[in-house]
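One-letter residues, chain by chain:
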Amino acid sequence: MIIAIDGPAASGKGTVARALARHYALPYLDTGLLYRAVAVSLLDNQGDSSRESDALSACDFADSLLSDSRLRNEQTGKLASEISVFPKVRQALIKRQRDFAAQTGGAVLDGRDIGTVIVPDADVKLFITASPEIRAKRRYDELVKNNPDLTYDIILEDIKSRDLRDSSRKEAPLKQAEDADLLDSSLLGIDMAIERAVALVEKQLKTVQG
Ligand SMILES: Nc1ncnc2c1ncn2[C@@H]1O[C@H](COP(=O)(O)OP(=O)(O)OP(=O)(O)O)[C@@H](O)[C@H]1O
Ligand SMILES: Nc1ccn([C@@H]2O[C@H](COP(=O)(O)O)[C@@H](O)[C@H]2O)c(=O)n1
């Protein structure tokens, strides 16, 4: 079974995707990490983020970069969003994501274009969202422990500009697939959001199995 989960930054899609992966004993891939790794690799190469050719060279990163702590910070998220507009960068990362999805038994993947581009024939598709203000609060609470200079307003601004860039780009924009169920977690705690997600997966599986 392949479960495709999409949604905007800090919507809680990773939290739900990890829980579904545990629930159904499936491997999980956070595809945002791949774009974040390209961003950090670009910085390490002293590349120019406005040049597609520099960003493409940065796609050739070592797997060990995926566990680099720099991937988690907000500047990296912003740079990842900037380089993810380049068609050649998206193309360079497709095979890795599709190979992961195609493994025996299936997988859970989350990102921006999983249900629309990477695995459009996924068995289950969810689009997870929450208001920008709620997402900013959650991300602020998560990051402020390691970065006391961070402010809620900076995070909210970043989230809004990332939403706009991710959903308005030409190549594989962030959008809900027509056959995805919407899960708005704005007013849900983590446990309730996971419970709703499991219910939606079960509903979609019943529809597929007739
Ligand atoms: N329903 C929820 N209620 C409260 N907090 C939540 C909820 N879902 C997730 N969170 C928290 O919000 C933060 C962002 O969640 P998460 O990392 O799952 O989002 P994401 O969509 O995968 O983010 P990104 O793709 O931008 O990395 C985390 O600190 C997580 O613990
Ligand atoms: N399938 C995807 C996943 C991510 N992106 C871009 O990467 C940025 C960082 O992603 P996070 O999920 O870690 O926040 C994101 O803002 C997207 O621009 C993507 O394009 N496609």
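Residues numbered from 1 in each chain as written. Chains lettered and ligands numbered in written order. Predicted model: local features only at pLDDT ≥ 70, side-chain atom pairs only at ≥ 80, totals over all residues.

An unreviewed UniProt entry lists the protein under the name Cytidylate kinase, from Zymomonas mobilis subsp. mobilis. Within the UniProt record for the protein, the comment given under Sequence similarities (unreviewed entry) is "Belongs to the cytidylate kinase family. Type 1 subfamily." According to UniProt, the comment filed for the protein under the heading Subcellular location (unreviewed entry) is "Cytoplasm". (UniProt positions renumbered as here; feature names shortened; annotations may be inferred.)

Draft legend 1. Quick look at the overall build of the protein. The helix and strand inventory of the protein stands at nine helices and five strands. Start at the N end of the protein and walk to the C end: the helices and strands fall as β-α-β-α-α-α-α-β-α-β-α-α-β-α. What you see for the protein is a C-alpha radius of gyration of 17 Å, in line with the 17 Å of a compact globule of 210 residues. With respect to the principal axes defined by its C-alpha atoms, the protein has extents near 55 × 35 × 30 Å. Long-range contacts, defined as pairs at least 24 residues apart, comprise 73% of the intrachain contacts of the protein with a sequence gap of at least 6. (Helix = DSSP H or I, 4+ residues; strand = E, 2+ residues; numbered from the N terminus. Rg over C-alpha atoms; globule rule 2.2 N^0.38 Å. Contact = placed C-beta atoms within 7 Å.)

Draft legend 2. Structural context of unusual backbone geometry. Positive phi outside glycine occurs at A10, with the angle close to 60 degrees. As for its placement among the helices and strands, A10 is situated in the loop between β1 (2–6) and α1 (13–23). In this structure, A25 is a non-glycine residue whose phi angle is positive, near 55 degrees. Here A25 lies in the loop between α1 and β2 (28–30).

Draft legend 3. View of the packing of α1 against helix α9 (residues 190–209). α9 packs onto α1 with a crossing angle of 60 degrees between their chain directions and a minimal axis gap of 10 Å. If you check the angle between α1 and α9, you find them oblique. Pair α1 / α9 crosses with right-handed handedness. On α9, the residues touching T15, V16, A19, L20 and H23 of α1 are I190, A193, I194, A197, V198 and V201. Looking at side-chain class alone, the contact of α1 with α9 contains nine nonpolar, two polar and no charged residues. (Axes fitted to C-alpha atoms, helices over the stretch in contact; angles between N-to-C directions. Parallel < 35°, antiparallel > 145°, perpendicular 65-115°, else oblique. Left-handed = near helix turned anticlockwise from the far one by under 90°. Nonpolar A, V, L, I, M, F, W, Y, C, P; charged D, E, K, R; others polar.)

Draft legend 4. The arrangement of the site of ligand 1 in detail. Around ligand 1 lies a shell of 17 residues, among which G12, G14, T15, R138 and E142 are the nearest. Listing elements by their share of the shell around ligand 1, those giving two or more residues are α1, α7 (132–143) and α9. Across the shell around ligand 1, the residue classes break down as five nonpolar, eight polar and four charged. (Near = placed C-beta within 6 Å.)

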